[in-house]
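Each chain, letter by letter, is given below.
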Amino acid sequence: MVLLGAGFGGLELTAILSDAFGDAIDIVLIDRCDVFVFGFSKLDVMFGRRMLADVRHRYSDIVKPGVRFLQSRVRSINPATRRVVTDDGTFEADVLVVALGADLDPSATPGLVEGGNEFYTVAGAFELREVLARFERGAAIIGVTGKSFKCPPAPSEAALLLHDYLTARGRREEAEISLVMPFGTPIPPSPDTSQAILAAFAERGIRFVKDSLVKALDPARKVAVLSDGTEMPYDLFLGVPVHRVPQVVVESGLAPDAYGCVPVNKKTLETKFPGVYAVGDVNGVGTAKAGVFAEGAARVVAAAIIAQLRGGPSPEAYKGAGACYVEFGHGQVGRVDVDFLSGPKPTGTFQEPSEALLAEKANFGSSRIQRWFGQPPP
Ligand SMILES: Cc1cc2nc3c(=O)[nH]c(=O)nc-3n(C[C@H](O)[C@H](O)[C@H](O)COP(=O)(O)OP(=O)(O)OC[C@H]3O[C@@H](n4cnc5c(N)ncnc54)[C@H](O)[C@@H]3O)c2cc1C
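First things first, this report covers the structure right here in the doc. Just so we're clear, the structure is a prediction, and the values are computed from it rather than from any experiment. By convention here, each chain's residues receive numbers from 1 onward along its written sequence. Side-chain atom pairs in this predicted model are given and counted only at pLDDT of 80 or more, local residue features only at pLDDT of at least 70, and totals for whole chains, interfaces and linings cover all residues. By convention in this description, side-chain values take in all heavy atoms of the structure and omit both hydrogens and water.

1. Quick word on the nonpolar core
Next, step 1: Buried residues of nine kinds, namely Ala, Val, Leu, Ile, Met, Phe, Trp, Tyr and Cys, make up a nonpolar core once their side-chain atoms join them within 4.5 Å. Buried residues are those whose accessible area, probed at 1.4 Å on protein chains only, stays under 20% of the maximum for their type, while exposed residues exceed 50% and partly exposed ones sit between those limits. Residues Leu17 and Phe119 are the most contacted members of the largest nonpolar core, which totals 118 residues.
Next, step 2: Looking at this core element by element, the count peaks at 11 residues for helix H9 (residues 291–310).
Next, step 3: Contact between two residues is taken to exist if any of their heavy atoms lie within 4.5 Å; hydrogens are not considered. Sequence-distant contacts of phenylalanine 119, defined by excluding residues within four places in its chain, comprise Lys42, Leu43, Met46, Ala125, Leu128, Ile142, Ala154, Pro155, Ala158, Leu238, Gly239 and Val240.
Next, step 4: Judged by nonpolar contacts, the second largest core, of 11 residues, contains Ile141, Val214, Met232 and Tyr234. Here a strand is any run of E in DSSP of at least two residues, a helix any run of H or I of at least four, and the numbering for each starts at the N terminus.

Below, the structure is given as structure tokens:
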């Protein structure tokens, strides 16, 4: 079996199959990077809450039976023959899983690379440590530049954590914080969560600019241009870059174009090519782009592969449900459980921010690292 992408989806799938079959399975797990970093760790890094070295999980530490990790770039995928070409060899698979996530394209927003910052890549988050330390006063904008983006709560979390960061440095009075989002509320499937976030913004003086995208920055005039032409002056711009389907996936014919995700059977996550699945942010199953949904999709695909190899009954259909933790600042985390696919429209239930949920989020991360990477031999 060949698994492309060792992110949330790829690691979860690998762990389940390794636990089920041990050395009896042969999984080649391929990723261009040498380390895994949780999305939420980027917020920790940019605000100086954690060191970069502490959030990097090296793939060379994986000790799961039946799993071979290969650090290499995937150059082409032929879904009809399940043949994959990488910089370090060609692979033929009985089962091929594409879990290559969403790529980020900061250059798709004019002016962003030259005149702003982004916090969605590890490099961008790391660079922001210095930029934030130098920010003394003026207008800070957290701006979303494309309609579909990973982890819809993340821009709101960034705004709330920026408030705490500036308060701790005694600079909050000198700064304005605005958040530009393409939605009418921060978390559309959950009115309760949205209300709690909007209340937290109101309490802290954070401006929420709804139903808008940042289309361009003009670095010379220091203004952000919104989708309706409005201009907002900025001194600090923290962007969520345009997301796109990885080019290699578009070229494979699995996705229609750079902005149309891979169509899959919503119940099984199988593509139109037999034995080829698409898991996580790369697919168009209809959930938000988030690790918890990638993980849920991986579980369904793992169950299908186990059933196929052992001859058991077909697994339950994918539900598109998962729990996201939301940083509210002040050392507290809330939680929203969202169900995208069970009903006619997505629904969400909210748990108030608390220190207990902060601990639950920490355990969410550490339990995954343990499950995905395994225990090194004593
Ligand atoms: C700031 C921020 C905060 C977030 N917070 C949360 C959160 O609290 N909870 C949550 O559930 N989600 C969160 N997310 C979202 C989460 O990180 C992603 O949705 C999740 O990682 C998607 O999993 P995936 O397996 O689909 O893709 P990814 O985890 O992105 O993995 C894809 C992998 O494919 C590799 N790859 C891509 N192209 C190639 C190629 N050509 N060759 C080889 N390898 C390739 C990449 O290197 C990558 O490792 C957050 C994201 C951000 C940016």
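2. What about the packing of helix H6 (residues 154–168) against helix H7 (residues 191–204)?
Next, step 1: For the pair H6 and H7, the least separation of the axes is 11 Å and the interaxial angle reads 30 degrees. As far as their axial angle goes, H7 and H6 are roughly parallel. The handedness of the crossing between H6 and H7 comes out as left-handed. Within the contact between the two elements, H6 uses Ser156, Ala159, Leu160 and His163 and H7 uses Ile197, Ala200, Phe201 and Arg204. Orientation is described by lines fitted to C-alpha atoms, with helices fitted over the stretch in contact, and by angles between N-to-C directions that extend from 0 to 180 degrees. Oblique is the label for any angle not covered by the other classes, which are roughly parallel (under 35 degrees), roughly antiparallel (over 145) and roughly perpendicular (65 to 115). Take the far helix as the reference: if the near one is turned anticlockwise from it by less than a right angle, the crossing is left-handed, and if turned clockwise, right-handed.

3. Brief notes about the site of the ligand
Next, step 1: By convention in this text, a residue qualifies as near a molecule or strand provided that one of its non-hydrogen atoms is within 4 Å of it. Surrounding the ligand, one finds 28 residues, the nearest of these being Gly9, Asp31, Val74, Asp281 and Gly291.
Next, step 2: Between an oxygen atom of the ligand and a main-chain N or O atom of phenylalanine 8, the distance comes to 3.2 Å.
Next, step 3: Accessible areas in this description were obtained via Shrake-Rupley with a 1.4 Å probe; residue shielding takes into account the shown protein chains only. Considering the ligand on its own, with 1,000 Å² of exposed area, one finds that the protein chains cover 93% of that surface.
Next, step 4: For the shell around the ligand, the secondary structure elements donating two or more residues are helix H1 (8–21), helix H2 (39–46) and H9.
Next, step 5: The leading source of residues in the shell around the ligand is H9, at three residues.
Next, step 6: A per-class count over the shell around the ligand returns 14 nonpolar, eight polar and six charged. Think of a polar contact as two N or O atoms within 3.5 Å of one another; within protein, one of them needs to be a possible hydrogen donor and the other a possible acceptor, and neighboring residues in sequence only count if both atoms come from side chains. Each residue gets one of three labels, nonpolar for Ala, Val, Leu, Ile, Met, Phe, Trp, Tyr, Cys and Pro, charged for Asp, Glu, Lys and Arg, and polar for the others, Gly among them.

4. Some words on the packing of aromatic side chains
For any pair of aromatic rings, geometry is given as the distance between the ring centres together with the angle between the planes.
Next, step 1: Pairing of aromatic rings covers Phe, Tyr and Trp, the last counted by its six-membered ring, and requires centre-to-centre distances within 6.5 Å; plane angles under 30 degrees mean stacked, over 60 mean edge-to-face, and any other angle means tilted. One pass over the full model with this rule turns up 19 aromatic pairs.
Next, step 2: Between phenylalanine 328 and phenylalanine 350 the ring centres are 6.2 Å apart and the planes differ by 40 degrees, which places this aromatic pair in the tilted class. Of this pair, phenylalanine 328 sits in strand E21 (residues 321–329) while phenylalanine 350 sits in strand E23 (residues 347–354), placing them 22 residues apart in sequence. Across the pair, exposure class does not vary: phenylalanine 328 and phenylalanine 350 are buried alike.
Next, step 3: Aromatic ring contacts, followed pair by pair, group Phe8, Phe36, Phe38, Phe40, Tyr325, Phe364 and Trp372 into a single cluster.

5. Structural notes on the pattern of salt bridges
Next, step 1: In the sections that follow, a salt bridge refers to a side-chain nitrogen of Lys or Arg positioned within 4 Å of a carboxyl oxygen of Asp or Glu. Across all of its chains, the model carries 23 salt bridges by this definition.
Next, step 2: Across the salt bridge formed by glutamate 327 and arginine 49, the nearest N and O atoms sit 3.2 Å from each other. Of this pair, glutamate 327 sits in strand E21 while arginine 49 sits in the loop between H2 and helix H3 (52–55), and the two are 278 residues apart along the sequence.
Next, step 3: According to the relative accessible area criterion, glutamate 327 is buried, its value standing at 5%.

6. Details of the side chain of threonine 193
Next, step 1: Along the chain, the position of threonine 193 falls in helix H7.
Next, step 2: Here threonine 193 falls in the buried class, since its relative accessible area comes to 0%.
Next, step 3: A polar contact is formed between the side chain of threonine 193 and the side chain of serine 190, at a distance of 2.5 Å.

7. Here's the deal with the sheet that holds strand E1 (residues 2–4)
Next, step 1: Spatially, the five strands line up as an open sheet ordered E5-E2-E1-E9-E20, and their pairing is parallel. In this open sheet, the two edge strands, each paired with only one partner strand, are strand E5 (67–71) and strand E20 (276–278). For this sheet, the mean angle separating the axes of adjacent strands, direction not counted, is 15 degrees.
Next, step 2: One bridge is not enough; two strands pair if DSSP finds at least two bridges between them. Both E1 and strand E2 (residues 27–31) contribute to a ladder of three bridges, which runs parallel.

8. Comments concerning the sheet that holds E21
Next, step 1: Strands sit in the order E21-E22-E23 across an open sheet of three strands; the sheet is antiparallel. Every other strand in the sheet has two partners, leaving E21 and E23 as the edge strands with one partner each. Shown here is a sheet whose adjacent strand axes are inclined to one another by a mean of 20 degrees, direction ignored.
Next, step 2: With eight bridges connecting them, E21 and strand E22 (residues 332–339) associate as antiparallel partners. Residue pairing in the sheet places valine 326 in a bridge with glycine 334 of E22.
Next, step 3: Across the face of the sheet, H7 comes into contact with E21, E22 and E23 while running at roughly 10 degrees to E21.
Next, step 4: Relative to the sheet, helix H10 (residues 355–373) contacts E21, E22 and E23, its axis offset from that of E22 by approximately 65 degrees.

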